[in-house]
Amino acid sequence: MPPTDDAVIEFRDVAYRVDQDRGLLHNLNLEVRGGEILVLLGRSGSGKTTTLKLVNRLLDPSAGQVRIEGRPSTEWDLIRLRRRIGYVIQEVGLFPHFTVERNVGLVCSIEGWSPERIRARVEELLALVGLDRQFARRYPRELSGGQRQRVGVARALAADPPILLMDEPFGALDPVTRAELQREFLALQQKLNKTILFVTHDLREALLLGTRVALFEAGRLVGLYTPAEFLRATEPYAAAYLAAFRTEQTSRE
Ligand SMILES: Nc1ncnc2c1ncn2[C@@H]1O[C@H](COP(=O)(O)OP(=O)(O)O)[C@@H](O)[C@H]1O
Ligand SMILES: [Mg+2]
């Protein structure tokens, strides 16, 4: 029998409060399984980013437990934990005065890899995200938005972490580039089989990329669906999201 519990990340009765009166996240129970892309979908301010930050301990829960690979986040050594988790954010956060090579190889150099090994790894990673090796010498300002986002993904993958947190990684891109990166991202995941928590407010992106979609509203998980289930969902929050999405589709036609 395969193990019944293959959760890589698990939220158990998790709350996050800024202070007594202000809760950003309430009683979250959610499991992310090995190799899946679990999408956190919800409008701006619904608690998606807060949820991600509880995984890599940019935040710690006010109540409950976040378990990573079966162990509570607060019992992990912070450095070991972060080594197992790649983080990709919308504005990428590349160092502007570092070349692409140094940005991508940063974690490896902190880990004490030799310069040759880092160079080889950077080359491999750039190829993986569809960038020619010549980009290694460039600075972030010399790249397009899509290229910068590819570098951000390459950097997150540098030390081959089993878990990826992605916070609206394609949000700032034009629609054509975004669609291209989404397709490439899916192809990449076929190869890499990471466990991914992916944040978006875009239903189309959620349905395209997610193995499951967790719908958030006002700091609460209000529904958990496969993409096919989401499209048929009649619960009020999911239905409202679908209706808004369909209106937008119609007005584009
Ligand atoms: N440190 C903080 N102190 C107070 N409010 C915060 C803090 N961080 C985030 N918020 C608020 O909490 C809510 C949830 O934020 P967030 O998780 O970033 O939402 P999302 O990523 O879904 O847009 C938002 O209303 C945000 O303004
Ligand atoms: Mg956010």
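Remember, it's a predicted structure, so these values are computed and weren't measured experimentally. (Residues numbered from 1 in each chain as written. Chains lettered and ligands numbered in written order. Predicted model: local features only at pLDDT ≥ 70, side-chain atom pairs only at ≥ 80, totals over all residues.)

A. Structural context of the pairing of strand β3 (residues 37-42). In terms of burial, β3 is largely enclosed, as six of its six residues are buried. Both β3 and strand β8 (residues 195-200) contribute to a ladder of five bridges, which runs parallel. Within the sheet, the bridge partner assigned to Leu-38 lies in β8 and is Leu-197. Two elements, β3 and strand β9 (residues 212-217), share five bridges in a ladder whose sense is parallel. Each bridged residue has a counterpart across the sheet, and for Gly-42 the counterpart in β9 is Phe-216. (Buried ≥ 20, exposed ≤ 12 C-beta atoms within 10 Å, placed from the backbone. Helix = DSSP H or I, 4+ residues; strand = E, 2+ residues; numbered from the N terminus. Pairing = 2+ DSSP bridges.)

B. How the structure looks around the sheet that holds β3. Spatial strand order, β6-β7-β8-β3-β9-β10: six strands in an open sheet with mixed pairing. Of all strands in the sheet, those bounded by a partner on one side alone are β6 (85-89) and β10 (220-225). If you compare each strand with its neighbour and ignore which way they point, the axes differ by 20° on average. Together, β6 and β7 (163-167) form the strand contacts of helix α5 (residues 145-157), whose direction differs from that of β6 by roughly 165°. (Axes fitted to C-alpha atoms, helices over the stretch in contact; angles between N-to-C directions. Contact = placed C-beta atoms within 7 Å.)

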